[in-house]
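Structure assessment
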Amino acid sequence: MNLHEYQGKELLKRFGVAIQEGIVAESVEEAVAAYHKLQKETGTEAVVIKAQIHAGGRGKGGGVKLARNEEEVRKYASNILGMMLKTPQTPGGMEGPGKLVRKILVAEDVYRPDFDACDEFYMSVLMDRERKTNVIIYSTEGGVEIEKVAEETPHLVHKEYADPTLGLLPFQARKIAFNLGLSGQAFKEMVRFVSKLYKAFVGSDASLFEINPTLKTADDRILAVDCKVTLDDNALYRHKDMAEWRDLSEEDPVEVEAKEYGLNYVNLDGNVGCMVNGAGLAMATMDLIKLSGGEPANFLDVGGTADAERVEKALRIILKDPRVEVILINIFGGIVRCDRVANGIVQAYKNLGGIKVPIVARLQGTNADIAKKIIDESGLAVHSAIELQEAADLVAKLLKEKQHQ
């Protein structure tokens, strides 16, 4: 589950991590009130108006502005609120439709009083699955895309691995501060910042914390200026207050609907809709579709109970994607009987009515022969297959026929 910047900063603050103070606003008047409140509480003369969407690169699309007075606060808040913000990370990139900005963060200007005396660093905490440990990735090159830094100057990207059973040890935090070239009070502040950031990562069951930039101010404070946080959905039952931060308007509405049905669905960019039972089978199915010349349009796992109701819901979701030209249903009947799945497919097909997309059904396992007979005798535009390769070849054939129509 992704968090907005203002939510991520609230989470960091709970664990004692120093942040750029800010107030979220949903209207121009709220933004003006936030501006005056920040002036009074922090002494800032200017504020930064930041669009709150789940995407990076907001400044490139005009979603981050420095306002030096109330007039500019009104101007930028009015311009950003309600805009369709396009960034390299929004759907379709800078050429796509963008994302609607519903909220803005009014934040203090932390670069005062001397911009030249400030330094920006990159810092993130995430899991290294290959090493089965947590890792802190950091660099002196903050405020820019870390992928670009890693590609052009890899020697400037450092990693510090933290054993989950031991946590981040004090000498490791000091090593990070040293590698960033800090000394004196800034060194001590960075050690404190890194230690608390790691505790926030572990304590919130996060899968990613990215602070870019992490700022050393002119008076040697270390602050989180931007904040990208992803929480592990599987651990949200332990953080019910954080679960309430989920912003469904920022998520794919089809994926949201699938979650309500208890279906595991991820939207992709292809033309073949996939319905399977089991994540491993889904991956194998998508691989074979690609090898046969197609492109998976989705990852959809109906789970172990592939009954008529779930099959119908899954088909409804797949058919919402206008790019889908063929649907492949690949079910292994271990716990569930194939004949029940076949009856579910026939019933779902009739209930939906008017399906113009050809369907290939490969049902293998318990009562697979009965299932094939049910499909073949249904009189519907559903093609049955026994082997997965046979199903994939049939999908490829139907795609070619579609292209020549």
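Okay, so let's go over this structure. Here, residues in each chain are numbered from 1, in the same order as that chain's written sequence. Only residues with pLDDT of at least 70 are given local features in this predicted model, and only at 80 or more are side-chain atom pairs given and counted; all residues enter the totals for whole chains, interfaces and linings. Working from all heavy atoms in the structure, the side-chain values ignore hydrogens and water.

What follows is about the pattern of salt bridges. By salt bridge we mean one thing: a side-chain nitrogen of Lys or Arg within 4 Å of a carboxyl oxygen of Asp or Glu. Using the criterion set out here, one finds 28 salt bridges in the structure. Lys99 is paired through a salt bridge with Glu250; the nearest N and O atoms lie 3.1 Å apart. A residue pair is termed long-range when its members are at least 10 positions apart, and Lys99 in strand β5 (residues 99-100) and Glu250 in the loop between α7 (240-243) and α8 (253-260) qualify at 151 residues. Like Glu250, Lys99 is buried. Runs of E in the DSSP output that reach at least two residues are strands. Runs of H or I that reach at least four are helices, and both are numbered from the N terminus. Exposure classes here rest on a 1.4 Å probe applied to the protein chains alone. A residue is buried below 20% of its type maximum, exposed above 50%, and partly exposed in between.

Along helix α12 (residues 368-376), the residues classified as buried are Ala368, Ala371 and Ile375. With its buried residues spanning 55° around the axis, α12 presents them on a single face. Projecting away from the buried face of α12 at angles above 90 degrees are the exposed residues Asp369 and Lys373. The contact rule is simple, with two residues in contact once any of their heavy atoms fall within 4.5 Å. On the buried face of α12, the contacting elements are α11 (338-352), β17 (359-365) and β18 (382-385). Working note: the arc is built from the helix axis to C-beta atom directions.

Multiplying one less than the number of residues by 1.5 Å gives the expected span of a helix. For α11, spanning 15 residues, the distance from its first C-alpha to its last is 21 Å, which sits close to the expected 21 Å at 1.5 Å a residue. Buried within α11 are the following residues: Cys338, Asp339, Val341, Ala342, Gly344, Ile345, Val346, Ala348, Tyr349 and Leu352. Where the residues of α11 are buried, they touch α10 (308-319), β16 (326-333), β17, α12 and β18. Phi for Gly353, located one or two positions after α11, is positive at around 65°.

By definition, two strands form a pair when at least two bridges between them are found by DSSP. Taken together, the four strands give an open sheet; going across it, the order is β1-β6-β2-β3, and neighbouring strands pair in antiparallel fashion. The open sheet is flanked by β1 (22-25) and β3 (64-67), the only strands paired with a single partner. Taking the axes of each pair of neighbouring strands and ignoring which way they run, one obtains an average angle of 20° across the sheet. By the bridge criterion, four bridges tie β1 to strand β6 (residues 104-108) in an arrangement that is antiparallel. Only C-alpha atoms enter the line fits that serve as axes; for helices the fit covers just the stretch in contact. Angles between N-to-C directions range over 0 to 180 degrees.

The subject of this paragraph is the packing of aromatic side chains. Planes of paired rings set the category: under 30 degrees apart is stacked, over 60 is edge-to-face and the rest tilted, where pairs are Phe, Tyr or Trp rings (Trp by its six-membered ring) whose centres lie within 6.5 Å. In this structure the tally under the stated criterion is three aromatic pairs. Residues Tyr198 and Phe201 carry aromatic rings whose centres are separated by 6.4 Å and whose planes lie at 35° to one another, so their mutual orientation is tilted. Of the two residues, Tyr198 and Phe201 both sit in helix α6 (residues 184-203), three residues apart, roughly one turn of that helix. Neither Tyr198 nor Phe201 differs from the other in exposure class; each is buried. Cluster of aromatic residues (ring-pair linked, three or more members): Tyr198, Phe201 and Phe209. In this analysis the charged atom, NZ for Lys or CZ for Arg, is taken to sit over a ring once it is within 6 Å of the ring centre and within 35 degrees of the ring normal. The ring centre of Tyr161 lies 3.9 Å from the NZ or CZ of Arg131, which sits over that ring.

Quick look at the nonpolar core now. Here, nonpolar core refers to any group of buried Ala, Val, Leu, Ile, Met, Phe, Trp, Tyr and Cys residues whose side-chain atoms link them within 4.5 Å. Ranked by internal contacts, the top residues of the largest apolar core, which has 38 residues, are Leu12, Met123, Ile136, Met190, Phe193, Phe209 and Leu231. Within the residue set of this core, elements represented by two or more residues are α1 (5-14), β7 (119-128), β8 (133-139), α5 (170-179), α6, β10 (206-216), β11 (222-224) and β12 (228-231). Tallying contributions element by element places α6 first for this core, with nine residues. Not counting residues within four places of it along the chain, the set of residues in contact with Phe193 comprises Val17, Ala18, Met123, Ile211, Thr214, Ile222, Leu223 and Ala224. One finds Val324, Ile327, Ala361 and Ile375 within the second-largest nonpolar core, a separate group that totals 35 residues.

Let's shift gears to the layout of surface pockets. Looking at the largest pocket, its volume works out to about 1,100 Å³. Taken together, 40 residues line the largest pocket, and the ones lying closest to its centre are Gly56, Gly57, Arg58, Asn212 and Asp226. Elements with a contribution of two residues or more to the lining of the largest pocket: β2 (47-51), β3, β7, α4 (146-152), β10 and β12. For this classification, Asp, Glu, Lys and Arg are treated as charged, while Ala, Val, Leu, Ile, Met, Phe, Trp, Tyr, Cys and Pro are nonpolar and the rest, including Gly, are polar. Among the residues making up the lining of the largest pocket, the classes are represented as 16 nonpolar, 11 polar and 13 charged. Lining residues are those with an atom within 4 Å of a point, where the points come from a 1 Å grid over the protein atoms alone and group into cavities, where a 1.4 Å probe fits but cannot get out, or pockets, open sets with protein on both sides within 12 Å along at least five of seven lines. Asn2, Lys99, Glu250, Glu251 and Asp252 are the residues nearest the centre of the second largest pocket, which is lined by 14 residues in total. Within the lining of the second largest pocket, the residues separate by chemical class into two nonpolar, four polar and eight charged. Grid points are joined across faces, edges and corners, and a volume is the space filled by probe spheres set on the points.

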